[in-house]
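If you want the building blocks of each chain, they are given just below.
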Protein chains: 2
Amino acid sequence: MSKKYVYFFGGGKAEGNAQMKDLLGGKGANLHEMTNLGIPVPPGFTISTEACVYYFKHGKVPEELPQQVEEALKRLEELTGKRFGDPENPLLVSVRSGARVSMPGMMDTVLNLGLNDETVQGLARLTNDERFAYDSYRRFIQMFGSVVMGIPHDEFEKLLERKKKQYGVTLDYELPAEALKELVEEYKKRIKELTGQEFPQDPKKQLWMAIEAVFKSWNNPRAIEYRKIHRIPDEWGTAVNVQTMVFGNMGNDSATGVAFTRNPSTGEKKVYGEYLVNAQGEDVVAGIRTPKPLEELKNEMPEAYEELLQVFDRLEKHYRDMMDLEFTIERKKVYLLQARVGKRTPRAMVKIAVDMAREGLIDKKEALLRVDPYKVEQLLHPMIDPKFRGEPIAQGLPASPGAASGMVVFDPEEAAHLAEEGHKVILVRHETSPDDIRGMARSQGILTARGGMTSHAAVVARGMGKPCVVGAEDITVDYDRQVFVARGQEVRKGDIITIDGSTGRVFLGEAPLVPPELFEEFEILLQWADEFRKLRVRANADKPEDARKAREFGAEGIGLARTEHMFFEGHRIRAMQEMILSDTEEERRRALAKLLPFQKEDFKGLFREMAGLPVTIRTLDPPLHEFLPKEEELLEELAELYFDLAGAENLKETRQIIEQIQAKENLLKRVRDLKEMNPMLGHRGCRLGITHPEITEMQARAIFEAACELKEEGVEVKPEIMIPLVSTLAELEHQVEIVHRVAREVFREKGVEVEYQVGTMIELPRAAITAHQIAKVAQFFSFGTNDLTQTTFGFSRDDVGKFLPKYIEMGILKDDPFQVLDQEGVGDLVRIGVERGRSTRPDLKVGICGEHGGDPASVKFCHRVGLDYVSCSPYRVPVARLAAAQAAIEEEQQKKG
Amino acid sequence: MSKKYVYFFGGGKAEGNAQMKDLLGGKGANLHEMTNLGIPVPPGFTISTEACVYYFKHGKVPEELPQQVEEALKRLEELTGKRFGDPENPLLVSVRSGARVSMPGMMDTVLNLGLNDETVQGLARLTNDERFAYDSYRRFIQMFGSVVMGIPHDEFEKLLERKKKQYGVTLDYELPAEALKELVEEYKKRIKELTGQEFPQDPKKQLWMAIEAVFKSWNNPRAIEYRKIHRIPDEWGTAVNVQTMVFGNMGNDSATGVAFTRNPSTGEKKVYGEYLVNAQGEDVVAGIRTPKPLEELKNEMPEAYEELLQVFDRLEKHYRDMMDLEFTIERKKVYLLQARVGKRTPRAMVKIAVDMAREGLIDKKEALLRVDPYKVEQLLHPMIDPKFRGEPIAQGLPASPGAASGMVVFDPEEAAHLAEEGHKVILVRHETSPDDIRGMARSQGILTARGGMTSHAAVVARGMGKPCVVGAEDITVDYDRQVFVARGQEVRKGDIITIDGSTGRVFLGEAPLVPPELFEEFEILLQWADEFRKLRVRANADKPEDARKAREFGAEGIGLARTEHMFFEGHRIRAMQEMILSDTEEERRRALAKLLPFQKEDFKGLFREMAGLPVTIRTLDPPLHEFLPKEEELLEELAELYFDLAGAENLKETRQIIEQIQAKENLLKRVRDLKEMNPMLGHRGCRLGITHPEITEMQARAIFEAACELKEEGVEVKPEIMIPLVSTLAELEHQVEIVHRVAREVFREKGVEVEYQVGTMIELPRAAITAHQIAKVAQFFSFGTNDLTQTTFGFSRDDVGKFLPKYIEMGILKDDPFQVLDQEGVGDLVRIGVERGRSTRPDLKVGICGEHGGDPASVKFCHRVGLDYVSCSPYRVPVARLAAAQAAIEEEQQKKG
């Protein structure tokens, strides 16, 4: 039984179609599709991927193949009236590889196959252009020699250069026919020298060698590497497309070009293309001649132009998408050589999807599915002009998208100061800490030498919607000298740099930026998303400004308001330190009382911005030592004081210095007491609230007083109090008791009652595992997938830079699990937590407030495991809305299909 | 319908029995049981716990109660021929509380109830002893006044003291009858003054007041606190025992005493007791007169003695256990007042269980269940003589059982040095690090000021079977001054201290120690354990000595050999540092090649000791910075070198110092590079083996070369290679590939093949959750429950001291989860891991090698979730064997019942 390996297309009929990409590859399937549509496509045939698979399995081509190719060739000769190897009217073909997905690294193209010492003369006669014929032959030998016979490209280039010198010309096309004839001979000779083989004169032999070369290119090292990275199965194999040559360089009534059916940059509904008269495809790419805008073809070849527009329109309607097309006009006759769905900018992606839905070409759901939420994120930040071609001086992790330029500043205080004076600054640090918040907030962007995608700098910057590059291991920061060195280049304080948080690149100087644009179609798309999504979308926001921004972007509440950020500003940090340094509960309470009014005002601000929507406030989370100065700083300050002491001039001064020393020593002792080996797993979260219940009390009081006072003003407040880092039911019970008690107290004092909920973060594996217990008390869960990822993997996000990049490079992990939720591991704990929690409390409200809440794949996962909401940084709210809609639509489609 | 609240016992018949502890309390149930057995017990009745429960529910005693008590009293009067309040022949009773379990904090006892101004005279006449009668009355008023009427005990003591002064005597019993009469009046007056109430003269009123006092004592703060700590439900309530008084102080034919049916200290099968002639129970306890050994009663009252022995024998046979008994002889008549199963030393526990089984009193299974594995551990270490009454100077955590004395040394090197010179030393540190191993190994014991039960010091000390007290927060260590301060007391280097690792106490000076004894019955018990247990027991051992010890204790292989400890000794640490400092893989390989022969010899030693048994070797686990000096040390050394440089006398010296400085700076740079925020979650475990595959290669080579060479010598080797800290299948695949490749290489080189297995630690939540994937490659799992507990709870065991003690005190956690496996959380992950792992590979071998492998409750859990083996420190192997047997027997019994 003979298996079919060869699929013919031509004469308005093809054996394949666009659905057969697995068998015919992407390129081939579209050639068949177009042929069937009656689009003028040069006829040819596709050798299926199965032949390639057979080839690798058995080390030879299938037995049936030669005869099938022979038959296809015969059909081709009949259809074109030309013959393979016929000196009078030679059939020339192109041979191209084509896998299911486009794959760099494989053999690309051999053109003009079928030329030899005899047919080249026929071609010269037919075209009446000897130079053209020999140039084609020369190019063919060069391509064939390098791609099929494995000769370094260089070998041919050297001969070509010599020839140009010999003829005293500088450009290839200045060589006369005579020179090209000589070059052909020299090429053939060199091939013989290097391979011991003659350049094959038999077109059939040429064809078979090319086919095998395509097969083999599937397994060359570059292709294997590419497949490994992109997880493309080795078993797919590639197809081979053999297609009749057409020539756009047969004179001034010939041309070649490329076109998009709509503008791939803006999405505008207008064909966008370029062409060259009397040229081959290669010439357009080579950039020697400047192509003309497609519109000009209207004047030069009005009929061809009209035909092209009709073809483009048909193709777009047929494929129901914006198409990327290659065409050739051979002596006025139009041919399409390639059709594929066109790549586009994020902006065009949105506009085209919405436009097509409005045109009725697709429906809303399809429009929503067409827009990649990962790409959409870029629309929400300024970016470096895509035309900019500068060389980066360093490469880090793209921690927070958008680009920014500014002067380099190393000290956060100085950064804040300079920014207030009106300078644009980029804060450059080893890594950032909560002390640096003010400086970060005032900077245009942040660059750190250390840290991963969820390091402090990354998380805070994303929250602020500020461009940030972290873990730029290429750079060494020297605070003392106030410089950083990047790839040998020294960058000083005050020098201007540009960082691109979307790609992780760092440039010296000011790179041109393109501002973010919010536009009509984007807003329409998000409205459509809201119609379909089931997940609610909230934002992580600590400040009224952030809350306002989030609401503008469509957030339906705050899913995480961190209270600790509020403690770093101004006087507050001093009161906080006073609290930490207290020895007795009473002293602590006194210090906390000073913080209470600040916290209350903070909460009022958030409640006001989110009037009518829920606001989830997390009680104090970080370890106390984060609020104290660093040990090294204190040691330095002490050293200075001792130095001063030695030079004190009188008793009074001496006494004053000694007092200062005692205070510092006291602080130092406390800093050392609080020092932890693994602060991530240390005395923080609810553990603090349990050992220092007065902190929870103060925070609860601030929340309820704020809520009551606003309610009296007529503002609708919906506070949700969230206890962090719970690992046992007893911990939560302890904290919840305090919250309820304080609520009762405040309601009594104020004479107002406010509805509220108390819930918990699920951010430790034990909390997920014992969720059925914890749900006895928790009214809601919010998965803190940052910490949950840390503990589930045993990865410290501050240290993971030491091996995670290598893991991803080696393919041990597909993604950074701090960016994309690890669905199999961390996700399964989420699933278990939801299931067990709801087994106790069926109406348990469940959300997520880790970084993953804004990652599209993770948002979709959240939808699938039945979460009620996701919460992410304000800038990612639109992304989450879109992803949530896609998740709902995909689920619906799966249920149907 | 009348509910029964009062249960009568007396006259050879009782309404209750020993099974009715819930209703009658422990004490009451045994009084009923003895009565039924025909043992002479003073008659009485028990008011059930239900009455107490009713009392708290309704705020009053049940309606039926007064009449039932009345009837019981009547029966009592009939049976004894005495009458309540009868001045001629007064019935006197004791009133005692008695809950299901013995509970300090509740009211204990009121004796002589029924005495008043009239009956006291009757008692004087009947006993012909006025002094006795008034002393009894005085005592009764005092007890009743304080226990029932709530008058501070002190008030009576003051009057008593004044009276003694007045009469010029020093001891209570020197007061004449006259004085006691006066005292009775003064007591009554004081009661009136303080309470406004008369001391009740009506015996019935006395009785009801006493009964209510017992009820109320169930809810006094001390009792509530005790129940909270011991998780005793509030709903249980207490019973009240009202029992006829008998008097051991009615002359020289009366006596009172206590006895154990066997020696509670040694377990010897011989009654062990003490008595006092003409005395009441109080007197035995008060310690004013020295009791005589029970044997002497044989001479003083031969008949009573014989009767007692018979009763004891009957009771022991009846209860099938060693009994703790109280008796009184009133005018030659023997009465039993209390019977309960006797407390005993661990040694006696073992001996009695084995003896009783050999006597046929119980079977082997019961013998095994009778021995508390937690107590057994103490038998394996020397301990402080229980008679020693010294006052500890500090209290820490009991990290590794056993006691040791020695001179205080702070520097590990010095400790090792002094030990080698023959001194006994106790190493005292803030905390220990791997650098200190040698000093630890040479010391008698280790004391640290910081750290928890699984800190470095604790884990290593347990592994070494060395006494260790950690986290003694009372002490402040000052390395500079070479002293530590404990509760204000300064202890200097060279001072002798004793530490008790079983209790966490630290004593100044040399406390008397009792050596550990391995004895026949213990070995028999363990053999029996082996007959029943299904879990295999292996040991964690890194050195041949440890392996030998483990095998002596019955270990069936090594479940965890840590390879990193091997790198700290002598030259090895230098080669290790060289490896870490290398910039290229080639340099690293050269350094590793130096380590290979050492590792090979290490493994040979282990394989030899464990010939025929499996040896599980874990590849390198700790982060590399553990092998480098600490940053602070380097900074100090550098400071010194710079100081030297300033004083260098010539060029040569200058050059040398500069070279040294460069080397140190280089080291410092690397130390800083390797610094991590959370080393526990950092670059360690298989992450090292993946970024530095040459380390895994070297270790695999050392294992296989050792195995092949020993096999050629005829030693049976069963290596199991274990990859640590795996969180994804891909990590394990990467490491396993290396192991298999090296195995093939070595087998080819040596011409010998050895069977081996490759498996993984499951010590991260993700590994447990994705166990079905990991089991595709892993041939065995070993749960590393130390790290799994850290990550599941998000607790750093190095830092947990900051809140865990408080958590346990507050009852938020019942146990330290690093000691006792958290079955609900961590345990559920273990269960999930086993289930999912075996779903892929049904014959997957699964063990545990965390600290929990030696904790009895955790061992039982391991049995229940179907583990194949536990692995623990050598000294805990017998403990684990016993616990494993109990688990199997308990399971069998549960299936039956």
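Calculation criteria
Residues numbered from 1 in each chain as written. Chains lettered and ligands numbered in written order. Predicted model: local features only at pLDDT ≥ 70, side-chain atom pairs only at ≥ 80, totals over all residues. Heavy atoms only, no water. Helix = DSSP H or I, 4+ residues; strand = E, 2+ residues; numbered from the N terminus. Contact = heavy atoms within 4.5 Å. Areas by Shrake-Rupley, 256 points an atom, 1.4 Å probe, with all protein chains shown as cover. Axes fitted to C-alpha atoms, helices over the stretch in contact; angles between N-to-C directions. Parallel < 35°, antiparallel > 145°, perpendicular 65-115°, else oblique. Left-handed = near helix turned anticlockwise from the far one by under 90°. Nonpolar A, V, L, I, M, F, W, Y, C, P; charged D, E, K, R; others polar. Buried < 20%, exposed > 50% of the residue type's maximum accessible area, 1.4 Å probe, protein only. Pairing = 2+ DSSP bridges. Least-squares fit on C-alpha atoms with pLDDT ≥ 70 in both. Buried area = accessible area lost by both parts, 1.4 Å probe. Salt bridge = Lys/Arg side-chain N within 4 Å of Asp/Glu carboxyl O. Polar contact = N/O pair within 3.5 Å; in protein donor to acceptor, adjacent residues only side chain to side chain. Expected span 1.5 Å × (residues − 1). Phe/Tyr/Trp six-rings, centres within 6.5 Å; stacked < 30°, edge-to-face > 60°. Core = buried A, V, L, I, M, F, W, Y, C linked by side-chain atoms within 4.5 Å. pLDDT = per-residue confidence, 0-100. Patch = residues over 30% accessible without salt bridge, like charges linked within 9 Å, V, L, I, M, F, W, Y side chains within 5 Å. Lys, Arg positive; Asp, Glu negative; His and termini not counted. Charge placed at Lys NZ, Arg CZ, Asp CG, Glu CD.

Participant: Now, about the overall build of chain A: what can you tell me, with residues and values included?
Facilitator: For chain A, the helix and strand inventory stands at 34 helices and 32 strands. Oriented by its inertia axes, the alpha-carbon framework of chain A measures out at about 110 × 70 × 55 Å. The long-range share in chain A, meaning contacts at least 24 apart out of those at least 6 apart in sequence, stands at 68%. Carbon and sulfur atoms provide 48% of the accessible area of chain A, an area that totals close to 37000 Å².

Participant: Describe the packing of helix α26 (residues 693-713) of chain A against helix α27 (residues 729-750) of chain A, with residues and values.
Facilitator: Residue and element names in this part refer to chain A. With their axes 9 Å apart at the nearest point, α26 and α27 run at an angle of 40 degrees to one another. The angle between α26 and α27 falls in the class oblique. Here α26 runs over α27; the crossing is right-handed. Where α26 abuts α27, its residues Pro693, Thr696, Glu697, Ala700, Arg701, Phe704, Glu705, Cys708, Glu709 and Glu712 lie against His734, Gln735, Ile738, Val739, Arg741, Val742, Ala743, Glu745, Val746, Phe747, Glu749 and Lys750. Of the residues belonging to the contact of α26 with α27, the class tally is 10 nonpolar, 3 polar and 9 charged.

Participant: Explain the environment of Ile573 of chain B residue by residue, including any values.
Facilitator: Residues and elements named next belong to chain B. Relative to the elements of secondary structure, Ile573 occurs in helix α21 (residues 570-581). Take Ile573: its relative accessible area is 17%, and that puts it in the buried class. C-alpha separation for the pair Ile573 and Leu595, spaced 22 residues apart in sequence, amounts to 9.1 Å. For Ile573, the contacting residues outside a window of four places in its chain are Phe567, Phe568 and Phe627.

Participant: So what's going on with the sheet that holds strand β6 (residues 239-244) of chain A? Residues and values would help.
Facilitator: Residues and elements named next belong to chain A. Taken in spatial order, the 6 strands make up an open sheet running β2-β1-β3-β6-β4-β5, and their pairing is antiparallel. What marks the edges here is a single partner per strand, and that holds for β2 (13-14) and β5 (109-113). Pairing of strand β1 (residues 6-10) with β2 involves 2 bridges; the strand directions are antiparallel. Looking across to β2, one finds that Phe9 is bridged to Ala14. Sheet contacts for helix α8 (residues 203-217): β3 (44-47), β4 (93-98), β5 and β6; angle to β6, the most-contacted strand, approximately 145 degrees.

Participant: I'd like a rundown of the relation of the copies chain A and chain B, residues and numbers included.
Facilitator: Least-squares fitting of chain A to chain B yields an RMSD of 0.2 Å, with the superposition described by an axial translation of 0.1 Å and a rotation of 180 degrees. In short, the pair behaves as if placed about a two-fold rotation axis. An overlap of 100% is found between the interface residues of chain A and their copies at the interface of chain B, pointing to a shared contact surface.

Participant: Before we move on, could you go through the interface of chain A and chain B and cite the residues and values that matter?
Facilitator: Facing 50 residues of chain A, the contacting portion of chain B comprises 50 residues. Here chain A packs against chain B, burying approximately 4300 Å² in sum over the two surfaces, 58% of which is carbon and sulfur. Its largest share of buried area at the contact with chain B, chain A owes to Leu681, Arg766 and Lys802 of chain A, together 15% of the area lost on that side. Across the contact surface, chain A and chain B share 6 salt bridges. Among the salt bridges present, the one from Arg836 of chain B reaches Asp828 of chain A, with a minimum N-O distance of 2.6 Å. Taken together, the links from chain A to chain B amount to 28 residue pairs in polar contact (both at pLDDT 80 or more).

Participant: Any details on helix α5 (residues 130-148) of chain B? Residues and values, ideally.
Facilitator: Residue and element names in this part refer to chain B. Between its terminal C-alpha atoms α5 stretches 26 Å, which fits the 27 Å expected from 19 residues at 1.5 Å a residue. Burial analysis of α5 places 16 of its 19 residues in the buried class, the great majority of the element. At the N-terminal end of α5, a side-chain oxygen is found 3.3 Å from the backbone nitrogen of Arg131, two or three residues along, and the residue is Asp129. Looking at the residues trailing α5, positive phi occurs at Gly150, about 75 degrees.

Participant: Tell me about helix α4 (residues 119-127) of chain B, and name the residues and values.
Facilitator: Residues and elements named next belong to chain B. Those residues of α4 not exposed but buried are Thr119, Val120, Gly122, Leu123, Ala124 and Thr127. Contacts made by the buried residues of α4 are with α5. Among the residues trailing α4, Asn128 stands out with phi positive, at a value near 60 degrees.

Participant: Outline the pattern of salt bridges, supporting the account with residue identities and numerical values.
Facilitator: The tally for this structure, following the rule as stated, stands at 176 salt bridges over all chains. Across the pair Glu193 of chain A and Arg190 of chain A runs a salt bridge whose closest N-O atoms are separated by 2.5 Å. Pair noted here: Glu193 of chain A and Arg190 of chain A are both in helix α7 (residues 177-195), with a separation of 3 residues, about one helical turn. Glu359 of chain B is paired through a salt bridge with Arg262 of chain B; the nearest N and O atoms lie 2.6 Å apart. Highlighted residues: Glu359 of chain B in helix α13 (residues 346-359) and Arg262 of chain B in the loop between β7 (255-260) and β8 (272-277), separated in sequence by 97 residues. You can call Glu359 of chain B partly exposed: its relative accessible area is 35%. Owing to a relative accessible area of 0%, Arg262 of chain B belongs among the buried residues under this scheme.

Participant: Would you mind going over the pairing of β7 of chain B in detail, with residue names and values included?
Facilitator: Residues and elements named next belong to chain B. The element β7 is extensively covered by neighbouring structure, given that 5 of its 6 residues are classed as buried. Inspection of the sheet shows β7 paired to β8 by 6 bridges, in the antiparallel sense. When the sheet's bridge partners are listed, Phe260 is paired in β8 with Tyr272. Pairing of β7 with strand β10 (residues 323-330) involves 6 bridges; the strand directions are antiparallel. Each residue of the ladder has a partner; that of Ala255, found in β10, is Ile329.

Participant: Pulling in residues and values, what's your account of the packing of aromatic side chains?
Facilitator: Residue and element names in this part refer to chain A. For the structure shown, the criterion picks out 43 aromatic pairs over all chains. Residues Tyr137 and Phe199 carry aromatic rings whose centres are separated by 6.5 Å and whose planes lie at 65 degrees to one another, so their mutual orientation is edge-to-face. With Tyr137 in helix α5 (residues 130-148) and Phe199 in the loop between α7 and α8, this residue pair connects regions lying 62 residues apart in the sequence. Comparing Tyr137 with Phe199 shows no difference in burial state: the two are buried.

Participant: Just give me the short version of the nonpolar core, but keep the residues and values in it.
Facilitator: Phe607 and Phe704 of chain A together with Phe607 and Phe704 of chain B are the most contacted members of the largest nonpolar core, which totals 288 residues. Not counting residues within four places of it along the chain, the set of residues in contact with Phe607 of chain B comprises Val615, Ile617, Ile703, Ala706, Ala707, Leu710, Val715, Val717 and Pro719 of chain B.

Participant: Kindly report on the pairing of strand β23 (residues 505-508) of chain A, identifying the contributing residues and their values.
Facilitator: All names here are of chain A. The pairing of strand β13 (residues 394-395) with β23 spans 2 bridges and is antiparallel. Paired with Ala394 across the bridge in β23 is Val506. Relative to β23, strand β22 (residues 496-500) runs antiparallel, the two being bridged by 4 bridges. Within β23, the residue paired with Ile499 across the bridge is Val506. Hairpin connection between β22 and β23: a loop of 4 residues separates the two successive antiparallel strands, and Gly504 in this loop has a positive phi of roughly 85 degrees.

Participant: Which residues make up the confidence of the model for chain A, and what are the values?
Facilitator: Residues of chain A with pLDDT of at least 70 account for 98%, and the chain-wide mean is 91. On the interface metric, ipTM, the complex scores 0.82, and its pTM is 0.82.

Participant: Could you give an account of a negative patch on the surface, naming the residues involved and the relevant values?
Facilitator: All names here are of chain A. On the surface, Asp435, Asp480, Glu632, Glu633, Glu636, Glu640, Asp644, Glu649 and Glu653 cluster together into a patch of negative charge. It is helix α23 (residues 631-646) that contributes the most residues to the negative patch, 5 residues altogether. With respect to the helices and strands, the residue Asp480 is situated in the loop between β19 (475-478) and β20 (483-486). According to the relative accessible area criterion, Asp480 is exposed, its value standing at 75%.

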